[in-house]
Amino acid sequence: MKILMIGAHQDDNEFRCGGLAHKYVQQGHDVRFLSMCNGSGGHHLMTPEETTARRAKESAAVAELLGITYDVWYDQDDCELEANLETRKRLTRYIREYSPDMIITHRPNDYHADHRAAGQLVLDASYLLIVPHFCPEVPAMKKAPLIMYNVDSFKYPPFEADVVIDIDDELETKLKIADLNVSQVYEWLAYTKDQNPPEDPAERYEWLKGMDTSRWNSDEEVDALTHGYAVRFAKVASRFRKELIAKYGEVRGNKIRYAEAFMFCEYGAPLNEENMKKFFNF
Ligand SMILES: [Zn+2]
């Protein structure tokens, strides 16, 4: 299968569906990340050019770790992505050239204008992928791919977890991915949250987790924590405990500590039993 994960920025896919991406790669499927923006806005001290160059290296390291292809639209600055006709055409051509079986992206309601635009652009392109007279220079697809949304915490309208995935065996990989995004997790995002991570690489890696991952933390305990990437992935499991139990059964469903969750988008292929088995048999 060909799986296309579309984020507005480098690190959007990594934190939301990086575990699923790695699972697909391990099964021999082809996974591609697209960052629609170049990363230029993600720092408070470096210039946009320096930031873009540094993040390109970080994304290359992520691609190597996961075993995926990583595309970045280097001519698209952060904070300026628009769901306009020109970009709709660009994305339609891009998706058709790859011809994915499934796309995962942002919901179009989100705090960040780039995330909203990225989600909207995928929706705008979804039907046009099969319309031959739109962008005739790249052959239209015969049928639309399955389209899913990455998890978010926005409530109006609420995110519903149509698919949940146990990523306990991917925690290490996801933490390593976060650790590779040095300019973001230890610098820019830390700056926006008034945090001062330790300088020593081993110490800051512990800080990055936000909790002791060797011991069980109850859902209530996890819900009370506010910092760290292990905490972030654990919160997805605690939030969708009911769905995890429905999928994996009472015993395993209650034991799962880290999860990823996805919501179905109605504008692509249906999420029927066949597709559920085909794409999410983990
Ligand atoms: Zn983002």
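Per chain, residue numbering runs from 1 following the sequence as it is written. Local features in this predicted model are restricted to residues whose pLDDT is 70 or higher, and side-chain atom pairs enter the listing and the counts only when it is 80 or higher, whereas totals over whole chains, interfaces and linings include all residues.

Draft legend 1. Fine view of the overall build of the protein chain. Within the protein chain, the secondary structure is distributed over 12 helices and 7 strands. In terms of C-alpha radius of gyration, the protein chain reaches 19 Å, essentially the compact-globule figure of 19 Å for 282 residues. Structurally, the protein chain occupies a C-alpha span of about 55 × 50 × 35 Å along its principal axes. For every residue pair, C-beta atoms are placed from the backbone, and the pair is scored as a contact if these atoms sit within 7 Å. Here the contacts in the protein chain between residues at least 6 apart in sequence split such that 71% fall between residues at least 24 apart. Counting from the N terminus, the helices are DSSP H or I runs at least four residues long and the strands are E runs at least two residues long. As a reference, a globule follows 2.2 Å times the number of residues to the power 0.38, and the radius of gyration itself is taken over C-alpha atoms.

Draft legend 2. Just the sheet that holds strand S5 (residues 146-150), in detail. Taken in spatial order, the 7 strands line up as S3-S2-S1-S4-S5-S7-S6 in an open sheet, and their pairing is mixed. With partners counted over all chains shown, the strands left at the sheet margins are strand S3 (69-72) and strand S6 (163-166), one partner each. Ignoring which end each strand starts from, the neighbouring axes of this sheet average 25° apart. Pairing between strands is defined by DSSP: at least two bridges between the two strands are required. Pairing between strand S4 (residues 102-105) and S5: 4 bridges, direction parallel. What sits directly across from methionine 102, in S5, is leucine 146. Angles shown run from 0 to 180 degrees and are taken between the N-to-C directions of axes, each axis being a line fitted to C-alpha atoms and, for helices, limited to the stretch in contact.

Draft legend 3. Just the domain arrangement of the protein chain, in detail. Here the protein chain is partitioned into domain 1 (2-164 + 261-274) and domain 2 (166-260). Taken together, the contacts link 25 residues of domain 1 with 22 residues of domain 2. Of the residues forming the side of domain 1 that touches domain 2, the biggest block, 9 residues, is contributed by helix H1 (residues 12-26). Within the side of domain 1 that touches domain 2, the residues separate by chemical class into 11 nonpolar, 7 polar and 7 charged. In this document the domain limits rely on a domain assignment from an automatic tool or a database. Under the scheme applied, nonpolar residues are Ala, Val, Leu, Ile, Met, Phe, Trp, Tyr, Cys and Pro; charged residues are Asp, Glu, Lys and Arg; polar residues are all the others, including Gly.

Draft legend 4. Structural context of helix H5 (residues 171-180). Buried within H5 are the following residues: Lys174, Leu175, Ile177, Ala178 and Leu180. Buried residues along H5 sit in contact with H1, helix H2 (48-66), helix H6 (182-192), helix H7 (201-209) and helix H9 (229-239). Three exposure classes are used, all based on how many other C-beta atoms lie within 10 Å of a residue's own C-beta (placed from the backbone): buried at 20 or more, exposed at 12 or fewer, and partly exposed between those limits.

Draft legend 5. Representation of unusual backbone geometry within the structure. A cis amide bond, omega 5°, links tyrosine 156 with the succeeding residue proline 157. Within the secondary structure, proline 157 is located in the loop between S5 and S6. We note that cysteine 135 has phi near 50°; this positive angle belongs to a residue other than glycine. With respect to the element layout, cysteine 135 can be found in the loop between helix H4 (113-128) and S5. For aspartate 194, which is not glycine, the phi torsion reads 60° and is therefore positive. Locating aspartate 194 in the fold gives a position in the loop between H6 and H7.

Draft legend 6. Representation of H2. In a helix, the anticipated span is given by 1.5 Å times the number of residues less one. A rise of 1.5 Å per residue sets the reference length of H2, with its 19 residues, at 27 Å; its end C-alpha atoms lie 26 Å apart and thus fit the reference within 8%. Regarding H2, the residues found buried are Thr51, Thr52, Arg55, Glu58, Ser59, Val62 and Leu66. Mapping the buried residues of H2 onto a view down its axis gives an arc of 130°, with all of them on the same face. Of the residues in H2, the exposed ones pointing more than 90 degrees away from the buried face are Glu49, Lys57 and Glu64. For H2, the secondary structure elements touched by its buried residues are H1, strand S2 (30-35), S3, H5 and H6. The reported arc concerns the directions from the helix axis to the C-beta atoms and nothing else.

Draft legend 7. Just the nonpolar core, in detail. Counting residues in hydrophobic clusters, the biggest one holds 67 residues, and the most contacted among them are Met5, Met148, Ala259 and Ala261. The element contributing the most residues to this core is H9, with 7 residues. Counting contributing residues, this core receives three or more from each of domain 1 (2-164 + 261-274) and domain 2 (166-260). With sequence-adjacent residues up to four places away left out, methionine 148 is seen in contact with Met102, Ile104, Val163, Phe262, Met263, Phe264 and Cys265. The nonpolar core criterion groups buried Ala, Val, Leu, Ile, Met, Phe, Trp, Tyr and Cys residues into a set whenever they are joined through C-beta atoms within 7 Å.

Draft legend 8. Broad picture of the environment of proline 270. With respect to the helices, strands and loops of the structure, proline 270 is situated in the loop between strand S7 (259-264) and helix H12 (273-280). Remark: the alpha-carbon pair of proline 270 and tyrosine 205, spanning 65 residues in sequence, is separated by 40 Å.

Draft legend 9. Layout of the pairing of strand S1 (residues 2-7). With 5 of 6 residues buried, S1 lies mostly within the body of the structure. Summarising the sheet, S1 and S2 pair through 6 bridges and their orientation is parallel. Paired with isoleucine 6 across the strands is leucine 34, a residue of S2. The handedness of a crossover follows from its direction of travel: if, with the strands pointing away from the viewer, the path from the first strand over the helix to the second runs clockwise, the crossover is right-handed. Following the backbone out of S1, through H1 and into the adjacent parallel S2, one traces a crossover that is right-handed.

Draft legend 10. Structural detail: the pairing of S3. Burial along S3 is one-sided: Tyr70 and Val72 are buried, while Thr69 and Asp71, pointing the other way, are not. Examined bridge by bridge, S2 and S3 share 4 bridges and lie parallel to one another. By the bridge assignment for S3, serine 35 is matched with valine 72.

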